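# Structure at a glance
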Amino acid sequence: MAILVTGATGNVGRHLVARLAAAGHPVRALTRDPAAARFPEGVEAVAGDLTDRASVEAALEGATGLHLLTAVGPANLTVPGSAGIAAAAVEAGVRRVTTLWNGYRGPVEEAVEASGLEWTHLRPGEFMSNALTWAEDVRAEGVVREPFGEVAHAPVDVADIAAVAAAALTTGAHAGEAYELTGPEPLTVPDQVAAIAAATGREVRYEPLTEAQGRERMRAMGMDDPAIAYVLGWRAHPPAWTTRASGAVERVTGRPARTFAEWAREHADAFR
Ligand SMILES: NC(=O)c1ccc[n+]([C@@H]2O[C@H](COP(=O)([O-])OP(=O)(O)OC[C@H]3O[C@@H](n4cnc5c(N)ncnc54)[C@H](OP(=O)(O)O)[C@@H]3O)[C@@H](O)[C@H]2O)c1
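As the structure is a computational prediction, the values presented were derived from the model and not from experiment.

### Let's talk about the pattern of salt bridges
- Counted by the stated rule, this structure contains 19 salt bridges.
- A salt bridge links Glu44 to Arg28, with the shortest nitrogen-to-oxygen separation between them at 3.3 Å. A residue pair is termed long-range when its members are at least 10 positions apart, and Glu44 in strand S3 (residues 44-47) and Arg28 in strand S2 (residues 27-31) qualify at 16 residues.
- For Glu44, a relative accessible area of 41% translates into the label partly exposed.
- Arg145 is the partner of Asp137 in a salt bridge, and the nearest nitrogen-oxygen pair spans 3.3 Å.

This is the structure we're talking about:
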């Protein structure tokens, strides 16, 4: 009766595993390296790699729910053959599946829609936790460097994405829904910088980067060029729905989406 969470050590998966376990659901957490992973008590860590179908099939055995990453790796591309995971899930007796999109409606979403599973697509905009990539510069120099910082997004807390996923996986109320998940307000990078300054009690300034400087920054972070081009395009010209509050988190969970100010207070130590 377990729910298998892929990406269980990642931003969204970590929260989802903790939330499901705290609510008393049996959770199986997929990771390529169970020895290195730390999960809450009672969570079953299973070794698996989304590029190795046999390992995923083994992890799915006896599962009734599945949270599925649609892409992995530095290029953030759809895992080759991963659409077949939907068929493996049906075979294993899975009933409900949530998909975490990688910015495209791709073969994984199409496959779960055709599978007969009760699916819910999670389509988040910009994660608030992307701001953690600023932490080192904030700690060292009190500065945040980004291109296109004046373009507002309504970033979403990964804890809220996980809350929506948990609701979808544990109730039948969200089958056939594709939720656009945003935070409660549009914010520019300077707005987010001000929230981090307020949360940490430090002076933090925003230093705009050119697009070329932004590209170099992302290369230094280990991203590959196609992924960088995608992110820069998204930052410069975000899809309209990511720039305003969608209200979906509140509709699904019954409470308002978490604010960036709350997120910044919770993560203040990372910036000190
Ligand atoms: N950041 C954003 O603003 C944003 C916005 C919208 C959508 N997204 C999407 O969110 C997804 C990333 O989710 P996240 O941020 O929660 O994850 P994350 O923190 O980037 O962590 C990546 C996860 O993927 C797992 N993983 C990597 N390669 C794997 C493989 N070959 N097989 C199985 N698992 C593998 C890792 O697990 P182990 O290392 O433990 O195996 C880890 O748990 C991406 O597809 C991204 O496009 C991000």
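### Thoughts on the domain arrangement of the chain
- Looking at the chain, the domain boundaries give domain 1 (2-124) and domain 2 (125-157 + 182-245 + 258-272).
- Of the residues lining the interface, ten residues belong to domain 1; the matching set on domain 2 comes to eleven residues.
- Taken over both partners, the interface formed by domain 1 and domain 2 buries close to 770 Å², and the fraction arising from carbon and sulfur atoms is 63%.
- The tally of links between domain 1 and domain 2 comes to zero salt bridges.
- In this structure, the connection of domain 1 to domain 2 is made through one residue pair in polar contact (both at pLDDT 80 or more).
- The set of elements that each furnish at least two residues to the side of domain 1 that touches domain 2 consists of helix H1 (11-22) and strand S8 (118-124).
- A class-by-class count of the residues in the side of domain 1 that touches domain 2 yields six nonpolar, three polar and one charged.

### What to know about the nonpolar core
- Counting 53 residues, the largest nonpolar core has Leu66 and Ile161 as its most contacted members.
- Ranked by residue count, the leading element in this core is helix H6 (residues 158-170), at eight residues.
- Among all residues touching Leu66, those that are not within four sequence positions of it are Ile3, Leu4, Thr6, Leu60, Ile85, Ala89, Val94, Arg96, Val97, Thr98 and Leu169.
- Grouped together as the second largest cluster of nonpolar side chains are 20 residues, Ala135, Val189, Ala195 and Ala268 included.

### Focus on the environment of Pro190
- As for its position among the elements, Pro190 is in helix H7 (residues 189-200).
- Exposure remark for Pro190: the relative accessible area of 25% places this residue in the partly exposed category.
- Residues Pro190 and Val144, 46 residues apart in the sequence, show an inter-C-alpha distance of 8.7 Å.
- Setting aside chain neighbours within four positions, we find Pro190 in contact with Gly149, Glu150 and Tyr206.

### A closer look at the side chain of Thr31
- You can see Thr31 is positioned in strand S2.
- Look past the residues within four positions of Thr31 in its chain and what remains in contact with it is Thr9, Ala37, Phe39, Val46, Ala47 and Gly48.

### A short note on the sheet that holds strand S10 (residues 177-181)
- Taken in spatial order, the seven strands make up an open sheet running S3-S2-S1-S4-S7-S8-S10, and their pairing is parallel. The open sheet is flanked by S3 and S10, the only strands paired with a single partner. Pairs of neighbouring strands in the sheet enclose a mean axial angle of 20 degrees, with direction left out of account.
- Where S2 meets S3, four bridges bridge the pair, whose relative direction is parallel. Looking across to S3, one finds that Leu30 is bridged to Val46.

### Here we look at empty space enclosed by the protein
- By the definition in use, this model includes two cavities of 30 Å³ or more.
- Empty space within the largest cavity amounts to approximately 40 Å³.
- For the largest cavity, the full set of lining residues is Thr70, Thr78, Trp101, Asn102, Tyr104, Gly106, Pro107, Val108 and Glu109.
- Broken down by element, the residue count for the lining of the largest cavity peaks at three residues, all from helix H4 (residues 107-115).
- Taken as a whole, the second largest cavity holds about 30 Å³ of empty space.
- If you trace the second largest cavity, you find it lined by Arg96, Val97, Thr98, Glu118, Thr120, Ala168, Thr171, His174 and Ala175.
- Elements that contribute at least two residues to the lining of the second largest cavity include exactly strand S7 (96-100) and S8.
- Broken down by element, the residue count for the lining of the second largest cavity peaks at three residues, all from S7.
- The residue inventory of the lining of the second largest cavity, partitioned by class, reads three nonpolar, four polar and two charged.

What counts, and at which threshold
Residues numbered from 1 in each chain as written. Predicted model: local features only at pLDDT ≥ 70, side-chain atom pairs only at ≥ 80, totals over all residues. Heavy atoms only, no water. Salt bridge = Lys/Arg side-chain N within 4 Å of Asp/Glu carboxyl O. Helix = DSSP H or I, 4+ residues; strand = E, 2+ residues; numbered from the N terminus. Buried < 20%, exposed > 50% of the residue type's maximum accessible area, 1.4 Å probe, protein only. Domains from an automatic or database assignment. Contact = heavy atoms within 4.5 Å. Buried area = accessible area lost by both parts, 1.4 Å probe. Polar contact = N/O pair within 3.5 Å; in protein donor to acceptor, adjacent residues only side chain to side chain. Nonpolar A, V, L, I, M, F, W, Y, C, P; charged D, E, K, R; others polar. Core = buried A, V, L, I, M, F, W, Y, C linked by side-chain atoms within 4.5 Å. Pairing = 2+ DSSP bridges. Axes fitted to C-alpha atoms, helices over the stretch in contact; angles between N-to-C directions. 1 Å grid on protein atoms, 1.4 Å probe; cavity = no way out; pocket = protein on both sides within 12 Å on 5 of 7 lines; lining within 4 Å. Points joined across faces, edges and corners; volume = space filled by probe spheres on them.

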